[in-house]
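Coordinate analysis (summary)
One letter stands for each residue in the lines below.
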Amino acid sequence: MSERTDESSRAWVMTRRAAVGAMAAAGLGFVALGPRGVDPRARGRVVLNYWEKWTGQEADAMRRVVDRFNDEQDRIYVKYFSMSFIEQKSMIAVAAGDPPDLVGLGSWDVPIFAETRALMPLEDRLSAAGLGPAYYAPPVRQLARHDGHTWGVPNTCSTIALYYNRAAFREAGLDPDRPPRTIEELDEYAGALTREDASGRLTRAGFLHREPGWWNWHWGYSFGGTLLREEENRATAASAENVEAYRWVQSYPAKYGAERLTRFHSQFRDLYNSRQQGLISGKVAMTIHGPFLVNVIRAFAPEFDYGAAPFPVRSSIYDPGAPVGMLESDVLAIPRGTRHPEEAFEFLRYTQRRDVVEEMAVAHCKPSPLAETSPTFAARHPNRYIEMHNGIVRSPRAFLVPRTRIWPLYKKEFDTKIAPMWDLSERAEDVLAGIERRAQEELDRVAEKRALRAKAS
Amino acid sequence: MIDRSAQLEIRRTLRGLLWVSPWIVGFLAFLALPMGLSLYYSMTDYSILERPLWVGLENYRALWDDPTFWKVMRNTVVYALLSIPLGTATALGLALLLNHDVRGIGVFRTAVFLPTFVPLVAAAMVWMWLFNGDFGLVNQGVRAALRPLGVEFRGPNWLDEAAWNMPALVIISLWMIGRAVVIYLAALQGVPRELYEAGSIDGMSPARRFWHVTAPMISPVILFNVIIAIIDAWQVFAVPYVLTRTIGGPDKAMYFYTHYLYDNAFLFGPKMGYACAMAWIQLMIILGLTAATFVVSKRYVHYAAA
């Protein structure tokens, strides 16, 4: 009996020793091979935390800028963090009083952050640093402005346009150097470019409104419509121009068959960053997209012969000197409550140097947000149609995402209600009236609460 | 004057409280306080970034008039009504099958339990392709199975047609019932064998044996699984969120209560006060359903020890 007890306690002792040994080995391993806490370059410097939404090669481009900034001076060290849902995380960090020193938002995020004063207004600092409004292309100046202040700087910007398959144009007997300019021409070209097999299955769509499906809300702008009259705080989703635009959207499923188009689209939907992307794979001949699509083309199909042009508009508003197109940007901002605002601004100013802005624009395959570009910018740019995008950036008819904090809700209404319009189960005017009503209720609610807050303070 | 034994009792109580204090502090700081605050916020207009503005019951009144609230409520109720009975019956059926001592039973048990290890986001991504209307394996599989019968099956556009969204999601929920199956299996193995032997001697058919021996003996476990399923159904979020690429499906057909709550809390404004009101309504619904299930269960659940 006692022997067994000794045996079992010896076994237990061995187990304990083994456990302690394993933990010690793990600890030593962690110390020796684990993550380094502090980059030696950061010692003795002010360390800035910079949160940014980019990943992949877009993040790599900004990391190179950050590394160069860290190497070129010895007072400030910027730590770059890539993250998803950055606007939500930043909002919570600001509310908790522990924000990053710099944050990369989208220009559509500016209204909510501005109205809640979650960012530092920067216009005085920017003007003193020579980064006043004149430094940027005119429509770009509005992107980081709201409530009479400038809340950040646009470090890259983008416009959307019509991208098309030049080989498909040639095959259909269309001139690849003469893309459609008006909606009427777009319909004509789409008809000529659409292909189906002997069984009636689509093999190529001339144009598909739901590919890539990122801008379901914007079709009205090609017909002269808008979604918001800012000065009146009035939603205008159901305006005559928008109704006409969405009737036009519905004309495609009506002509080609809603179920057929949807099933066909499911073959390549959500395959943006791949060889199976709709345009590259030849499934669609024309698509609406940003200039960054060319980075995907370069990565997966460098031989693909693409063309690009401003997105067509209704013939009555066509003006070759003033193309219509959506303009948006990434906005670098300094959150309220940051511990190092001066140092954060120094880095922010560095990112606005023309060479840095253009380096980022080239890496992200986007146009430049600046009023003036260097003579070699277009030649260095991987997108051979970048001057066309630059033209939209500078166009008086470039349009922005509606500047309201209810935008996520407004956009979601379009994203969820595009389906009943597309399958023709609901009339465009009814859907748009519903969206307008919902958006207006929310606009009124926000305005009422702002007034109450102002009164209370 | 406190006598010695009372002093000892107080000391023991304090020592006990000291030992459980991590839980007490955790409960107060991370559950009771946030719950209290959320009740307060539910009566305010609160955007996280601004001071809460007292609005009384306005958020609750606004929910009553919010068509999206009723839409997500309806979607969630339909999902619960479909997924809970189907999930319970399927899990129990599988557990009964897996309770047989046949060759390779370990492999079958592992296969049923394995999906519970798959992260929800990864599972949703895979199902997105399985349910692809054009070349998804679900449609292709049914098509291949029906072809020899001379039936040309096209298959629905599961994720792009509002009418097919809910069945798709219920099928996915059935794929993830491994945990319930394991719990049922454990319960089945705890049913005394002599009861089955007695039933056999009395000439009970397998069906009668199930209804009169198995079901009563594992009824507390069925109750437990049903309550967990009710809670899970009301909190369904990750899979439809990923399947619909955060949108909520065509015409909000896969927009569920928790997803709308999340959107209000972090996206729409944000409207944290409104989201808190939704959270309290959700809590009340789940508590109500759980209480109702307990009341109903009194008639059907048999506790062997009682």
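All of these numbers come straight from a predicted model, not from anything done at the bench.

1. Some remarks on the confidence of the model for chain B
Chain-level statistics for chain B give a pLDDT mean of 94 and a share of 99% at 70 or above. This prediction of the complex comes with two scores: 0.90 for pTM and 0.88 for ipTM.

2. Comments concerning a nonpolar patch on the surface
Residue and element names in this part refer to chain B. A grouping of Ile10, Leu14, Leu17, Trp19 and Val20 is seen on the molecular surface, where their side chains present a nonpolar patch of about 540 Å² in accessible area. As for its placement among the helices and strands, Leu14 is situated in helix α1 (residues 4-41). By relative accessible area, Leu14 is classed as exposed at 54%.

3. Some points on the sheet that holds strand β7 (residues 161-165) of chain A
Residue and element names in this part refer to chain A. As summarised here, the arrangement of the 5 strands in space is β8-β9-β12-β7-β13, forming an open sheet in which the pairing is mixed. Bordering the open sheet on either side are β8 (195-196) and β13 (306-309), each of which pairs with just one other strand. Sheet strands in contact with helix α14 (residues 386-393) are β7 and β13, and its direction is about 160 degrees off that of β7.

4. Some points on the packing of helix α12 (residues 257-266) of chain B against helix α13 (residues 272-300) of chain B
All names here are of chain B. Between α12 and α13, whose axes approach to 7 Å, the crossing angle comes to 155 degrees. With respect to each other, α12 and α13 are oriented roughly antiparallel. The way α12 lies across α13 gives a crossing that is left-handed. Contacts between α12 and α13 pair Tyr257, Thr258, Tyr260, Leu261, Asn264, Ala265 and Phe266 from the former with Met272, Tyr274, Ala275, Met278, Ala279, Ile281 and Gln282 from the latter. Taken together, the residues that form the contact of α12 with α13 break down as 11 nonpolar, 3 polar and no charged.

5. Some thoughts on empty space enclosed by the protein
Gaps between atoms show up when a probe of the same size as a water molecule is rolled over them. Under the criterion given, the structure shown has 4 cavities of 30 Å³ or more. Looking at the largest cavity, the residues that line it are Ser266, Arg269 and Asp270 of chain A together with Met128, Trp129, Phe131, Asn132, Gly133, Asn157, Trp158, Leu159 and Asp160 of chain B. Partitioned by chemical class, the residues of the lining of the largest cavity number 5 nonpolar, 4 polar and 3 charged.

6. A closer look at the interface of chain A and chain B
Counting from both sides, the interface comprises 37 residues of chain A and, opposite them, 45 residues of chain B. Of the roughly 3,700 Å² buried at the junction of chain A and chain B (both faces included), carbon and sulfur atoms supply 51%. Taken as a group, Arg263, Lys412 and Arg453 of chain A account for 21% of the area that chain A buries against chain B, more than any other trio of residues on that side. In this assembly, chain A and chain B are joined by 14 salt bridges. At the junction of chain A with chain B, the criterion picks out 24 residue pairs in polar contact (both at pLDDT 80 or more). For the side of chain A that touches chain B, the element with the most residues is helix α15 (residues 407-422) of chain A, which contributes 9 residues.

7. As for the nonpolar core
Membership of the largest hydrophobic core comes to 75 residues, with the highest contact counts inside it found for Phe207, Trp217, Tyr246, Trp248, Met286 and Tyr410 of chain A. Apart from residues lying up to four places away in sequence, Trp217 of chain A is in contact with Leu227, Tyr246, Met326, Phe399, Val401, Pro402, Trp407, Lys411 and Phe414 of chain A. Counting 45 residues, the second largest nonpolar core, distinct from the first, contains Leu63, Val72, Val242 and Tyr274 of chain B.

8. Some points on the confidence of the model for chain A
In this model, chain A carries an average pLDDT of 94, and 96% of its residues clear a pLDDT of 70 or more. Within the model, the stretch residues 1-5 of chain A combines pLDDT values under 50 with 0 contacts to residues more than four positions away or in other chains.

9. Some remarks on the packing of aromatic side chains
Residues and elements named next belong to chain A. All chains considered together, the criterion is met by 50 aromatic pairs over all chains. A ring pair is formed by Trp214 and Tyr272, whose centres lie 5.0 Å apart and whose planes are at 75 degrees; its orientation type is edge-to-face. One end of the pair, Trp214, is in the loop between β9 (202-207) and β10 (228-229); the other, Tyr272, is in the loop between α9 (258-265) and β12 (284-289), and 58 residues separate them in sequence. Taking the relative accessible area as the measure of exposure, Trp214 reaches 33% and is therefore partly exposed.

10. Some details on the layout of surface pockets
All names here are of chain B. By volume, the second largest pocket is sized at about 810 Å³. What lines the second largest pocket is a set of 32 residues, among which Tyr79, Ser173, Met176, Arg179 and Asp232 lie closest to the centre. At the level of elements, α3 (67-98), α7 (162-175), α8 (178-189), α10 (206-234) and α11 (238-243) are the ones that each hand at least two residues to the lining of the second largest pocket. Of the residues assigned to the lining of the second largest pocket, the class counts are 23 nonpolar, 7 polar and 2 charged.

11. Remarks on the packing of helix α2 (residues 56-72) of chain A against helix α11 (residues 341-351) of chain A
Residue and element names in this part refer to chain A. Contact pair α2 / α11: the axes reach a minimum separation of 11 Å and the direction vectors enclose 120 degrees. By the criterion of interaxial angle, the relationship of α2 to α11 is oblique. The handedness of the crossing between α2 and α11 is right-handed. Residues Met62, Val65, Val66, Arg68, Phe69 and Glu72 of α2 pack against Glu346, Phe347, Tyr350 and Thr351 of α11. Residues of the contact of α2 with α11, tallied by class, amount to 6 nonpolar, 1 polar and 3 charged.

Calculation criteria
- Residues numbered from 1 in each chain as written.
- Chains lettered and ligands numbered in written order.
- Predicted model: local features only at pLDDT ≥ 70, side-chain atom pairs only at ≥ 80, totals over all residues.
- Heavy atoms only, no water.
- pLDDT = per-residue confidence, 0-100.
- Patch = residues over 30% accessible without salt bridge, like charges linked within 9 Å, V, L, I, M, F, W, Y side chains within 5 Å.
- Areas by Shrake-Rupley, 256 points an atom, 1.4 Å probe, with all protein chains shown as cover.
- Salt bridge = Lys/Arg side-chain N within 4 Å of Asp/Glu carboxyl O.
- Helix = DSSP H or I, 4+ residues; strand = E, 2+ residues; numbered from the N terminus.
- Buried < 20%, exposed > 50% of the residue type's maximum accessible area, 1.4 Å probe, protein only.
- Pairing = 2+ DSSP bridges.
- Contact = heavy atoms within 4.5 Å.
- Axes fitted to C-alpha atoms, helices over the stretch in contact; angles between N-to-C directions.
- Parallel < 35°, antiparallel > 145°, perpendicular 65-115°, else oblique.
- Left-handed = near helix turned anticlockwise from the far one by under 90°.
- Nonpolar A, V, L, I, M, F, W, Y, C, P; charged D, E, K, R; others polar.
- 1 Å grid on protein atoms, 1.4 Å probe; cavity = no way out; pocket = protein on both sides within 12 Å on 5 of 7 lines; lining within 4 Å.
- Points joined across faces, edges and corners; volume = space filled by probe spheres on them.
- Buried area = accessible area lost by both parts, 1.4 Å probe.
- Polar contact = N/O pair within 3.5 Å; in protein donor to acceptor, adjacent residues only side chain to side chain.
- Core = buried A, V, L, I, M, F, W, Y, C linked by side-chain atoms within 4.5 Å.
- Phe/Tyr/Trp six-rings, centres within 6.5 Å; stacked < 30°, edge-to-face > 60°.

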